[in-house]
Amino acid sequence: MLDRIAKAQQQIDHACRTLGRPITVMEVCGTHTVAIFRSGIRSTLPEGLKLLSGPGCPVCVTDQGYIDAVLELAQRDDCIIATYGDMIRVPGKDGSLETCAAKADVRVVLSSEDALQLARDNADKTVVFIAVGFETTAPASAVVVKEAAREGIKNFCILSGHKLILPAMRALLGGMNDRVDAFLCPGHVSVIIGASAFAEIVSDFGRPCVVAGFEPLQIIEALAEICRQLSNEKAELKSIYNAVVTEQGNVAAQRIIAECFEAADGYWRGLGKIEKSTLVLKEQYRRFDAFARFGLSDEPGEDLSGCRCGEVLCGLIEPPQCALFATRCTPAKPIGPCMVSSEGTCAAWYKYGRRS
Amino acid sequence: MAQHEPERILLAHGGGGQLTSQLIRELVLPHLRNEALSPLGDSARLELGSTSICLTTDSYVVKPLFFHGGDIGKLAVCGTINDLAVAGSRPVALTLSLIIEEGFEKPLLERILQSIGRTARENNVSVVTGDTKTVERGSADGLFINTAGVGVRLPGVNPGLDRIKVGDKVLLNGTIGDHGMTIISQREGIEFESRLVSDCAALADLTCMLFERTGVKFMRDATRGGLAAVLNEIVEGAGLAIEIRDANIPVRPSVQAAADMLGFDVLNIANEGKFVAVVSPETADACLELCRSHPLGRDAALIGEVVASQGVPLVELRTKIGGRRIVQMPYGRELPRIC
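The shown structure was predicted, so the numbers you read here are calculated from the model rather than taken from an experiment. (Residues numbered from 1 in each chain as written. Chains lettered and ligands numbered in written order. Predicted model: local features only at pLDDT ≥ 70, side-chain atom pairs only at ≥ 80, totals over all residues. Heavy atoms only, no water.)

## A closer look at the overall build of chain A
Note the cut-off: Starting at the N terminus, helices and strands are each numbered in turn, a helix being any DSSP run of H or I of at least four residues and a strand any DSSP run of E of at least two. Radius of gyration means the value over C-alpha atoms here, while the globule rule gives 2.2 Å times the residue count to the 0.38 power. The classification of residues rests on relative accessible area computed with a 1.4 Å probe and restricted to protein chains. Under 20% of the type maximum is buried, over 50% is exposed, and intermediate values are partly exposed.
Of regular secondary structure, chain A possesses 16 helices and eleven strands. The globule rule puts the C-alpha radius of gyration for 356 residues at 21 Å, and the 20 Å found for chain A is close to it. The principal-axis extents of the C-alpha atoms in chain A amount to approximately 65 × 45 × 35 Å. Within chain A, buried positions represent 59% of all 356 residues.

Written out as structure tokens, the structure is:
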């Protein structure tokens with residue numbers, strides 16, 4: 001392994017020297033962000049190659065309005081909130097699910113199935129599943145909605161905050177941040193949507209896109225491939241995660257997403273409103289939509305004062321450039337979601353990179 | 001929420017990370033401060049006439065009560081023995097308090113008591129006094145256990161953070177993450193190809209041998225918060241830095257796979273049969289050899305060394321690909337009710 005790493009590093013060094021300008025690569029997957037920090041990859045890269053974390057952490061990109069809707073639900077005594085662990089500490093205007101949990105009934109689940117089971121086991125309460133995530137978690141939400149419909153379970157609904165990654169990448173290149181030279185494409189999302197989905201980024205924007213897994217070797221080799229393409233001035237789509245990712249992706253998963261959800265305009269933290277970027281339940285499943293059932297607002301919320309997570313998510317600043325970073329905003333007392341989520345850029349900087 | 005809402009205790013306050021330490025420093029210590037308590041060691045050291053003892057207490061709320069490799073009873077004996085052992089004492093006696101929920105099945109309680117008896121006998125400690133309380137259904141999750149323990153300090157053995165110096169080596173007695181990943185996978189009903197087994201074990205036999213025969217300067221068991229928490233406590237207490245090598249840290253592949261799948265950093269995961277020892281460079285190899293000669297230290301490794309601190313005391317990890325990163329004190333939320 002070390003031979004291949006050394007070879008890839010040589011290619012990167014060579015490209016950075018010969019290109020004569022800095023290279024900026026963005027990863028748009030929280031698992032990549034963590035893997036890069038955890039393996040210390042940044043410390044092995046030449047100065048000319050800059051890695052930026054984009055809108056890849058599902059909790060982080062969730063708009064403040066959605067967080068406020070979740071916390072509004074947590075004030076109800078007729079609901080059980082079922083959520084993935086990462087959402088539990090995201091602060092809203094009035095605390096987080098963690099601080100509300102000392103009063104409200106908030107349960108951390110590892111799967112959407114666990115949430116549905118809670119509904120079966122608690123007939124006197126409505127279980128609301130906090131359904132966030134990209135194309136990776138959307139199929140699991142769709143499955144339980146279909147199951148609930150089939151079984152006639154009425155005390156279950158989902159608050160869909162599911163997002164699609166491609167519209168966000170297009171929004172970035174379409175004006176939010178055009179400094180990005182290339183994308184390290186997400187491994188997990190690509191399993192679902194297929195590597196070929198990123199072809200439009202290459203053809204429409206001329207940016208290299210390389211799909212990689214999460215082993216340090218894969219990431220470094222993907223960076224070497226990106227450097228090679230930039231040196232040759234030819235953007236291509238390439239997947240080096242062929243053990244897991246296919247061209248077309250998981251067609252069954254795509255089908256079940258399409259059966260239950262449709263793409264709608266949605267709000268993202270930092271990126272604002274993006275056309276057809278969020279998944280809402282289709283008409284025939286609308287009765288499982290928690291926004292509709294509880295009359296919750298899906299309008300954008302106001303970011304907490306001073307928090308620059310939005311700019312971090314767009315790769316416009318790095319976490320230490322935010323005045324709150326590691327001062328008022330820490331993992332123990334987070335202000336922005338990028339400090340809360342274990343996949344958040346600020347949390348990764350704080351956890352693996354902070355020296356004071 | 002109104003502004004006058006009182007702050008509440010969070011599950012994370014019991015996680016053994018930053019929040020636990022904050023709770024103890026801000027809420028507990030101001031009311032109870034004294035010479036024996038203030039160092040906040042694994043055990044308090046007390047002089048009773050001419051005898052020097054260690055005293056400790058610990059409560060056990062693990063869920064599930066039975067797990068691969070142990071149960072709450074075995075854990076309650078081993079955990080308290082280990083707190084005495086790493087402080088440089090030989091454990092002699094335990095107390096046992098049972099808080100039992102109404103409706104708890106007697107055969108289960110008997111199995112747990114059998115396990116307590118067996119573990120105590122195997123480790124030459126006696127349960128010498130105890131208490132039983134019952135609470136209404138819903139007031140406790142089956143069974144909670146508290147044990148306190150007394151150990152006699154080993155003569156001439158005086159471990160302390162103040163003895164740690166630049167150049168000292170860091171010794172770990174085996175694989176990390178086994179207990180925490182076993183509990184979380186069993187709790188969530190996730191089965192992996194090879195079954196995970198807790199490392200729950202009493203370490204006194206091994207630690208006494210190490211203390212008596214080698215120059216161990218400091219030792220702490222790596223429970224809640226895992227290896228990351230212990231190393232951070234050491235650098236903070238000693239005002240020095242530690243550099244560890246990822247390649248030297250023993251982790252079972254099945255544990256690593258489970259941690260990766262669930263998104264945990266194995267350095268933060270709880271252990272129940274592991275300690276970190278800081279030893280002088282001259283004695284490091286002898287310590288390692290001695291450790292490996294014991295069944296509970298077979299996979300022992302020297303994982304890093306103490307280095308000078310560049311301003312702030314930090315734990316730094318050299319990764320397998322030659323990169324560097326910081327190892328922070330865990331926050332505390334990752335795994336509640338792990339022990």
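## Topic: the interface of chain B and chain A
We count it as follows: Contacts are assigned to residue pairs that have any heavy atoms within 4.5 Å of one another. Two parts placed together each lose some accessible area under a 1.4 Å probe, and adding up what both lose gives the buried area. One side-chain nitrogen of Lys or Arg within 4 Å of one carboxyl oxygen of Asp or Glu is enough to make a salt bridge. In protein, a polar contact means a hydrogen-donor-capable atom and an acceptor-capable atom, both N or O and within 3.5 Å, with residues adjacent in sequence counting only if both atoms are side-chain atoms; elsewhere, any N or O pair within 3.5 Å suffices. The nonpolar class holds Ala, Val, Leu, Ile, Met, Phe, Trp, Tyr, Cys and Pro. Asp, Glu, Lys and Arg form the charged class, and all remaining residues, Gly among them, are polar.
Facing the 28 residues of chain B at the interface are 32 residues of chain A. Carbon and sulfur atoms supply 55% of the area buried between chain B and chain A, which totals about 2500 Å² over both sides. For the interface between chain B and chain A, the tally reads one salt bridge. Here chain B is connected to chain A by five residue pairs in polar contact (both at pLDDT 80 or more). For the side of chain B that touches chain A, the secondary-structure elements that each account for two or more residues are α7 (253–262) and β14 (324–327) of chain B. Considering each element in turn, the side of chain B that touches chain A owes the most residues, three residues, to β14(B). Residues that form the side of chain B that touches chain A fall into these classes: eleven nonpolar, seven polar and ten charged.

## Observations regarding the nonpolar core
Note the cut-off: Put simply, buried Ala, Val, Leu, Ile, Met, Phe, Trp, Tyr and Cys residues joined by side-chain atoms within 4.5 Å make one nonpolar core.
Grouped together as the largest cluster of nonpolar side chains are 110 residues, with contacts concentrated most on A:F156, A:L159 and A:F183. Considering each element in turn, this core owes the most residues, seven residues, to helix α4 (residues 64–74) of chain A. Those residues in contact with A:F183 that sit more than four places away from it in its chain are A:V25, A:M26, A:V28, A:M169, A:L173, A:I201, A:P208, A:C209, A:V210 and A:I226. Within the second largest apolar cluster, 34 residues are counted, among which are B:I184, B:V235, B:A259 and B:V306.

## Focus on the confidence of the model for chain B
As a reminder of what qualifies: Confidence of the predictor in every single residue is expressed as pLDDT, which spans 0 to 100.
Averaged over every residue, the pLDDT of chain B is 93; the share at 70 or more is 96%. Interface predicted TM-score (ipTM) for the complex: 0.73; the corresponding pTM is 0.82.

## Observations regarding the environment of A:G54
Inspection of the secondary structure assignment puts A:G54 in the loop between β2 (49–53) and α3 (58–61). Setting aside its immediate chain neighbours within four residues, A:G54 contacts A:M26, A:E27, A:V28 and A:L313.

## Observations regarding helix α8 (residues 284–292) of chain B
Residue and element names in this part refer to chain B. Here is the rule: This arc is taken over the directions from the axis of the helix to the C-beta atoms.
Every buried residue of α8 is accounted for by A284, C287, L288, L290 and C291. Down the axis of α8, the buried side of the element spans an arc of 165°, and every buried residue falls inside it. Counted as exposed and oriented over 90 degrees from the buried face of α8: D285 and E289. Along its buried surface, α8 packs onto β8 (169–172), α5 (204–213), β9 (216–221), β11 (275–279) and β12 (301–307).

## Comments concerning the state of the cysteines
All names here are of chain A. Put simply, the rule reads: For the purposes of this analysis, a disulfide is any pair of cysteine sulfur atoms at a distance within 2.5 Å.
A complete count under the given rule lists one disulfide over all chains for this structure. Paired through a disulfide, C57 and C60 show a sulfur-sulfur distance of 2.4 Å. With the S-S dihedral at roughly 75°, the linkage between C57 and C60 falls on the right-handed side. In this structure C57 comes out as buried when scored by relative accessible area, which is 3%. You can see C29 has no disulfide; the closest cysteine sulfur is in C57, sitting 9.9 Å from it.

## Structural notes on α5(B)
All names here are of chain B. Among the ten residues of α5, seven are classified as buried, and the element is accordingly described as predominantly covered. When α5 is considered as a whole, its buried residues turn out to be A204, L206, T207, C208, M209, L210 and F211. Against the buried residues of α5 lie α2 (72–85), β5 (89–101), β9, β11 and α8.

## Notes on the domain arrangement of chain B
All names here are of chain B. Formally: Note that domain bounds follow an automatic or database assignment of domains.
Segmentation of chain B into domains returns domain 1 (44–153) and domain 2 (161–327). The partner domain 2 presents 23 residues to the 21 residues of domain 1 that form the contact. Of all residues in domain 1, H68, N82 and V86 give up the largest surface area on contact with domain 2, accounting jointly for 38% of the area buried on that side. Put simply, domain 1 and domain 2 have one salt bridge between them. We note a salt bridge from R90 to E212, for which the minimum N-O separation is 3.4 Å.

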